Every structure is written in structure tokens, then in C-alpha cells.
Amino acid sequence: MLNELQTMIFELGIIVVSSALIGTMFLYARQPIILAYIVAGIALGPSGLGLLNDNDRIIQFGQFGVILLLFLLGLNLQPFKLLNLFKESALITLGTCCLFFLVTLGFCLLIGLSLGDSLVAAAALMFSSTVIGLKLIPTTTLHHQRVGEVMTSVLLIQDILAIIVILFLNVREPDAMISAFMLILLKLGLLCLLAYLGVRYLVLPLFRRFDVIQEYTFVTALAWCLLWAETGHLAGLSYEIGAFVAGLSIAISRVSQAISLHLKPLREFFLILFFFAVGAKMDITQGGTVLLWGGLFGLLLVAVKAAGFMIALKLAKEKAPQELSARLSQASEFSLLLAYSALTAGLVSGQGMLFIQAATLMTFILSTYWVVSRFPTPISSASNLRKD
């Protein structure tokens, strides 16, 4: 037990110190600090210096940051407003996902990947990153402007679709797929109802009684987040969806804004671990040609996603289509999760996995550069674009 604790402290120390050092160099070079965390992961992970060979613990820490991110997002959304946004964004999301699926499928078949690898890659790479999208948008824009509202609804619909695709990986019969889809919707509705009742009759009365003690509000909100994250996972949805529902249920209260402010530093720490894990999971010593093809397709995919979202948003008469399309132009963290699930199920080969990893990482890098250099973000090195 002691050795395990020492190993964990050593690993966290290595991650934080390396992220700080490389982050400092990136900031001096006027580069996005998110990329410094990914580079640190590549440098110290199995394909680099090998100081951290067990990525599972890092990924678990990083996932906690994603859970907090979704919880904070839910805290700042009104449930009825979210339903209206879903109705408006559903067609945009489904149409663009189909386009990106077909483009990826065609490219993979063209370079000689098997049909199975091509289908998994197409399914994995059609989504955009919730983590990067929300990390790079100012809080005021996210919660109070149309750009943030539309981006939020598109990303959440994509997350639900990604979860459905992951669940379908082990379902082979059409009838079973339909049943599984209906069951997911039923579970999601029940989860929302129970969370709402819990907040109204338990959490809010406690907040009203003890709201003068900030520590109590903080720990109770965090407990509510983790309770529903675990419930969402046990229900067969995901930790992230459960955490989002938990945040959404508290959004009906005015105390939600104070909770959001208190949890933000904790979220930032765990997101560093998430981006570090993305880099550490990338094995650049293997793959050869497949890695090159994946990187090349990452370049193409950013352009295709930007163009696809631009056209869809213009047809929907949305404001600021150029900014929205840039912020949604990358692949998703769900791309990697879906690929790992497919690999476990024997549906994708190691070559297909490397292609998805390389393409995803390339889109992360390119889209981050694009957004940071052109639009307001909390991490921009340019003072006129730095906005939180």
C-alpha cells in the first residue's frame, strides 16, 4: 500500500513539474499551453522517456477533470432552454456527423485500411471534443451568448450519440440495437427526473439552511456531482452524462453560480492530467505509414469539419458560423474511448487504432492553434484575445 502511494505521488509530481516546465517554454514561445500538456505526456510516456508506464491511473485522474467540466457546464444551463437548443441543433449535429462519417470512411478505404477498421475510424472521428471546445471558450461567451449555447447543444448531442455508438459496439442484431436505444432514452429520462426531485426536496433545503458556510456548499455540490456520475455509469450511460445531469438539476438554484466559481480551480488541475494522458497514450514509435496517414487525415479532417459546420450553420441562419465551425473542427476524446472499446471487442486492429490516435491528436493540435490565434480564449498569449 505504501509503495503504491509513493508511486502515485511520484507520478503526480512528474506530471505537474513537467507540465509546468514545458508550459513555461510554450508560453515564452507564445504557443497554446494545452499543447504543452500533451507534449509532456508524449515525452514522459511509454513512447518517450518511459518515466510513466502505467497510463491507466493517469487516465482515471484525467477523467475526473472531464466529469467536473460537464458538471460545471450543467450548472450554467437552464433545463427548459437546453431542450429548445436541442431541437434547434439536432439537425445540424446529425447532418454534419453523417458527412464526417462518410468522408472518413472513404479516406480510410482509399489508403487500404480494412472495412472494419474504416467503419470504426469513421464512427470515432465524426465527433468534436467537448473538453477542448469548452476549455477554449470564454465563460461569458459559453453561458451568455448564442455562440456558446449552440456549441454546447451540438457537443452534448454528439456526446449522447457517442455513448450510443459505444454501447452498440457489442450489439450485433438490429432488433437489439433499437431496444438498446430506447432503453438509453428511458434511463436518461429517469436519471433527470430523480436528480431534479433530489435537488428540489433534499439539496436545496440544505443549501438554504447552511449556505453561509461556503465549505459545506462546496463539498455538498461535489458529492452531488460524484453521486450522479457514478449513478450514470451504473445505469449504463457514462460518468460524464451523470455529472452533467447533476449540474443541470442544481441550475434551477441561484447558488449554482457560486458553486461553479468554487469548483473551477479543481477542474483545471484534473484537466491537466487529462491532456497529459492523451499524449502519454500516443505511441509514436510504432505505426510507420499508418501514423503518417493518420496525421495527414487529421489535417484534412479539420478543414472538412470546419467547412461542414460552416455550411450547416449558415443554412440554419446561426450567427458567427466561422467562429463556431473553428471551435468544433477537432475530433473528440470520445474518438479515443470508442477506439479503445472497439479494440477490446476485437472490432479494430492495432493499425486502425494508431490511425485514429494520430488523426485525433493532429486535430487537437491544429484546431487549438486556430482557435487560440483567431478567437477569444482564456489561454491566449495575445492580450486582446485573452478572455475568461
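This text gives an overview of the structure that appears in the document. Keep in mind the model is a prediction, meaning the values are calculated, not measured.

This part takes up the overall build of the chain. The helix and strand inventory of the chain stands at 16 helices and zero strands. Taking all contacts inside the chain whose residues are at least 6 apart in sequence as the whole, residues at least 24 apart take part in 78%. Put simply, the chain shows about 17,400 Å² of open surface, and 69% of that area lies on carbon and sulfur atoms.

Turning next to the pattern of salt bridges. This model, assessed by the stated rule, comprises one salt bridge. The closest approach of N and O atoms between Arg 327 and Glu 323, which form a salt bridge, is 3.0 Å. With Arg 327 and Glu 323 both in helix H14 (residues 321–327) and four residues apart, the pair spans about one turn of that helix. Taken as a pair, Arg 327 and Glu 323 share a single burial class, namely buried.

Time to look at helix H10 (residues 214–234). If you check H10, its first and last C-alpha atoms are 30 Å apart, about what 21 residues at 1.5 Å a residue would give, namely 30 Å. Just downstream of H10, Gly 236 is the residue with a positive phi angle, here 90 degrees.

For the rest of this paragraph, the subject is the side chain of Ser 249. Here Ser 249 lies in helix H11 (residues 239–250). A distance of 3.1 Å separates a polar atom in the side chain of Ser 249 from a polar atom in the side chain of Trp 224. There is a polar contact of 2.6 Å between the side chain of Ser 249 and the backbone oxygen of Ala 246. When near neighbours in sequence (up to four residues on either side) are disregarded, Ser 249 contacts Ala 195, Tyr 196, Val 199 and Trp 224.

For Phe 207, the position within the fold is in helix H9 (residues 174–210). The class of Phe 207 is buried, set by a relative accessible area of 3%. The spacing of Phe 207 and Val 255 is 48 residues in sequence and 8.0 Å in space, taken between C-alpha atoms. When near neighbours in sequence (up to four residues on either side) are disregarded, Phe 207 contacts Thr 217, Thr 220, Ala 221, Val 255 and Ile 259.

Summarising burial for helix H5 (residues 115–124): seven of the ten residues are buried, a large majority. Every buried residue of H5 is accounted for by Asp 117, Ser 118, Val 120, Ala 121, Ala 122, Ala 123 and Ala 124.

Counting residues in hydrophobic clusters, the biggest one holds 114 residues, and the most contacted among them are Ile 38, Phe 71, Leu 125, Ile 259, Phe 275 and Phe 355. In contact with Leu 125, not counting residues within four places along its chain, are Thr 104, Phe 297, Leu 301, Lys 305, Ala 331, Ser 335, Phe 355, Ile 356, Ala 359 and Thr 360.

Here we take up the packing of aromatic side chains. The tally for this structure, following the rule as stated, stands at six aromatic pairs. For the ring pair Phe 107 and Trp 293, a centre distance of 5.9 Å and an interplane angle of 75 degrees mean the geometry is edge-to-face. Remark: Trp 293 occurs in helix H13 (residues 289–315) and Phe 107 occurs in helix H4 (residues 79–110); sequence separation between them is 186 residues. Residue classification places Trp 293 among the partly exposed positions, given a relative accessible area of 34%.

The subject of this paragraph is the environment of Glu 11. Within the fold, Glu 11 resides in helix H1 (residues 2–28). Given the relative accessible area of 9%, Glu 11 is considered buried. The spacing of Glu 11 and Leu 52 is 41 residues in sequence and 6.8 Å in space, taken between C-alpha atoms.

Right, let's talk about the packing of H5 against helix H16 (residues 350–374) for a bit. The relative placement of two packed helices comes down to the angle between their axes together with the axis-to-axis distance. Where H5 meets H16, the axes come as close as 9 Å, and the angle between the chain directions of the two elements is 25 degrees. It follows from the interaxial angle that H5 and H16 lie roughly parallel. Here the hand of the crossing between H5 and H16 comes out right-handed. Together, Asp 117, Val 120, Ala 121 and Ala 124 of H5 and Gly 352, Phe 355 and Ile 356 of H16 make up the contact between the two elements. By residue class, the composition of the contact of H5 with H16 is five nonpolar, one polar and one charged.

Conventions we followed
- Residues numbered from 1 in each chain as written.
- Predicted model: local features only at pLDDT ≥ 70, side-chain atom pairs only at ≥ 80, totals over all residues.
- Heavy atoms only, no water.
- Helix = DSSP H or I, 4+ residues; strand = E, 2+ residues; numbered from the N terminus.
- Contact = heavy atoms within 4.5 Å.
- Areas by Shrake-Rupley, 256 points an atom, 1.4 Å probe, with all protein chains shown as cover.
- Salt bridge = Lys/Arg side-chain N within 4 Å of Asp/Glu carboxyl O.
- Buried < 20%, exposed > 50% of the residue type's maximum accessible area, 1.4 Å probe, protein only.
- Expected span 1.5 Å × (residues − 1).
- Polar contact = N/O pair within 3.5 Å; in protein donor to acceptor, adjacent residues only side chain to side chain.
- Core = buried A, V, L, I, M, F, W, Y, C linked by side-chain atoms within 4.5 Å.
- Phe/Tyr/Trp six-rings, centres within 6.5 Å; stacked < 30°, edge-to-face > 60°.
- Axes fitted to C-alpha atoms, helices over the stretch in contact; angles between N-to-C directions.
- Parallel < 35°, antiparallel > 145°, perpendicular 65-115°, else oblique.
- Left-handed = near helix turned anticlockwise from the far one by under 90°.
- Nonpolar A, V, L, I, M, F, W, Y, C, P; charged D, E, K, R; others polar.

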